Amino acid sequence: MGTDSEKPKRALIIYYTFSTQTAKLVHHLRKGFKEAGIEVETLKLIPEKKLSFPLHSVSRTISMMLRTFFRQRVQIKPVDKEQIRKADIIVLAGPTWSYNPSGPVLDFLDKYSYLLKGKKVLPVISCRKYWRTHYRYLKRKITSCGGKCLSPIVFTHLIKEPWSTIGTFMTIAGINPRHHSFMRKHYPRYGHNQTQLAEMEKRARDIARSLASPFP
Ligand SMILES: Cc1cc2nc3c(=O)[nH]c(=O)nc-3n(C[C@H](O)[C@H](O)[C@H](O)COP(=O)(O)O)c2cc1C
C-alpha cells in the first residue's frame, strides 16, 4: 500500500482574470504542474454580473479604478467547496486592481477563506507593477484563517513608465495604444511576454518538485 508521501499531490488553481493575463499564467502553471506529475484542477471565479473587457469607456475605467481602490467586492457565483477541501496546495491567482486583490478574489476570501485552514496557499499575481499591498492583504487573510501563505509568484508588465501606465489605462478603456503613433514606439504590447510565460512553467515544475519531496 502506498504511503501518503507517495501519493500524487493535488493542486487546485483558483483564479480570476479580467483581461486574460492571469488566464495565460494559469495555463502555463497548469502545464508545468502536470509535467511534474501533480494532479491539477482549476476553479475559475465567475462574477454574478458579467464584467466585460475592455470597458469601452474612459469614464467607466476611471470609475472602476476608484471603486477598486476602496476594495469594492464583485460578487461571485458559488464555488465547489469539495474541490478546495481535497487539494493539497491551493494557488490563488488574479490581477492587482488599484493596489488590491481584484473584486472577485476579495469576495472569494470573504466567503470561503475558512476553507483554507491548514492549507498551503501560493499567491500568483499579475499586475502592471504594484503588487505589495495586494500580497499583504492576501497574506493577512490567509494566515488569519489558519492557512500557510507561501511567497508569491509575481509577474509585472515589462514596459517602461510612463508608457506602461498610459498603455494599460488605454487598453482597459478599449483604446488600442498601437493605433496611436506616440504610443506605438513605446508600447509594444499589453501584458506578459512569452519569456514570462515560459518562466511561469519552469517555476511550476520547481514548485511541484519541492512538493513531491518528503522534506518540503
Ligand atoms: C481597475 C484596474 C485597476 C488596476 N490597478 C492596478 C494597480 O494598482 N497596480 C498594478 O500594477 N496594476 C493594476 N492594474 C493592471 C492589472 O493588474 C494588469 O493589467 C493585470 O496584468 C491584468 O490581469 P488580468 O488580465 O488577469 O485581469 C489594474 C487593472 C484594472 C482593470
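The shown structure was predicted, so the numbers you read here are calculated from the model rather than taken from an experiment. (Residues numbered from 1 in each chain as written. Predicted model: local features only at pLDDT ≥ 70, side-chain atom pairs only at ≥ 80, totals over all residues.)

When helices and strands are tallied, the protein shows 8 helices and 7 strands. Here the C-alpha radius of gyration of the protein, 18 Å, is about what a compact globule of 216 residues would show, namely 17 Å. Here the C-alpha coordinates of the protein stretch approximately 65 × 35 × 25 Å along the principal axes. Each of the 216 residues in the protein was classed as buried or not, and the buried ones make up 37%. For the protein, long-range pairs separated by at least 24 residues make up 81% of all intrachain contacts whose partners lie at least 6 apart in sequence. (Helix = DSSP H or I, 4+ residues; strand = E, 2+ residues; numbered from the N terminus. Rg over C-alpha atoms; globule rule 2.2 N^0.38 Å. Buried ≥ 20, exposed ≤ 12 C-beta atoms within 10 Å, placed from the backbone. Contact = placed C-beta atoms within 7 Å.)

So, on to the site of the ligand. Every one of the 22 residues lining the ligand counts as a neighbour, but F18, S19, Q21, T22 and P95 are closest to it. Of all the secondary structure elements, the ones that give two or more residues to the shell around the ligand are α1 (21-35), α2 (58-69), β3 (89-97) and α6 (163-173). Considering only residue class, the shell around the ligand consists of 9 nonpolar, 11 polar and 2 charged. (Near = placed C-beta within 6 Å. Nonpolar A, V, L, I, M, F, W, Y, C, P; charged D, E, K, R; others polar.)

In terms of burial, strand β5 (residues 120-126) is a largely internal element, 7 of the 7 residues being buried. Burial along β5 is two-sided: the residues K120, L122, V124 and S126 and V121, P123 and I125 are all buried. Pairing between β3 and β5: 7 bridges, direction parallel. When the bridges of β5 are listed, P95 appears paired with S126. Pairing geometry for β5 and strand β6 (residues 148-149), over 2 bridges, is parallel. Bridged to K120 within β6 is K148. Where β5 meets strand β7 (residues 153-155), 3 bridges bridge the pair, whose relative direction is parallel. (Pairing = 2+ DSSP bridges.)

With that out of the way, let us pick up the packing of α1 against helix α8 (residues 194-212). Running from N to C, α1 and α8 cross one another at 40°; their axes reach a closest spacing of 7 Å. Judged by the inter-axis angle, α1 sits oblique to α8. Here α1 runs over α8; the crossing is right-handed. Listed contacts from α8 to K24, L25, H28, L29, K31, G32, F33 and E35 of α1 are L197, M200, E201, K202, R203, A204, R205 and A208. Here the contact of α1 with α8 is built from residues that sort into 7 nonpolar, 2 polar and 7 charged. (Axes fitted to C-alpha atoms, helices over the stretch in contact; angles between N-to-C directions. Parallel < 35°, antiparallel > 145°, perpendicular 65-115°, else oblique. Left-handed = near helix turned anticlockwise from the far one by under 90°.)

On the secondary structure map, V79 appears in the loop between α2 and α3 (81-85). For the pair V79 and K44, spaced 35 residues apart in the sequence, the C-alpha separation amounts to 8.7 Å.

Below, the discussion takes up α6. Listed in full, the buried residues belonging to α6 are G167, T168, M170, T171 and I172. Of the residues one or two after α6, G174 is the one with positive phi, at around 90°.

The next thing to look at is unusual backbone geometry. Look at the link from F53 to P54: it is a cis peptide, with omega at -5°. As for its position among the elements, P54 is in the loop between β2 (39-44) and α2. The omega torsion of the bond from E161 to P162 falls at 5°, within 30 degrees of zero and hence cis. Unusually for a residue other than glycine, H56 sits at a positive phi of about 55°.

The subject of this paragraph is the environment of K9. Its place among the elements puts K9 in the segment before β1 (10-15). Classification of K9 by C-beta neighbours within 10 Å gives partly exposed; the count is 19. Distance from K9 to M64, taken between C-alpha atoms, is 39 Å for residues 55 residues apart in sequence. Those residues within four positions of K9 in sequence are excluded, and the remaining contacts are I38, D88, I89, L211 and A212.

As a further point, take helix α5 (residues 132-144). Taking 1.5 Å of rise per residue, 13 residues should cover 18 Å, and α5 covers 18 Å from first to last C-alpha, within 8% of that figure. Within the sequence span of α5, burial applies to H134, L138, K141 and I142. Burial along α5 is one-sided: seen end-on, the buried residues are contained in an arc of 95°. Set apart from the buried face of α5 by more than 90 degrees, the exposed residues are R136, R140 and S144. Residues of α5 that are buried make contact with β3, β4 (100-101), α4 (103-112), β5 and β6. (Expected span 1.5 Å × (residues − 1). Arc of directions from axis to C-beta.)

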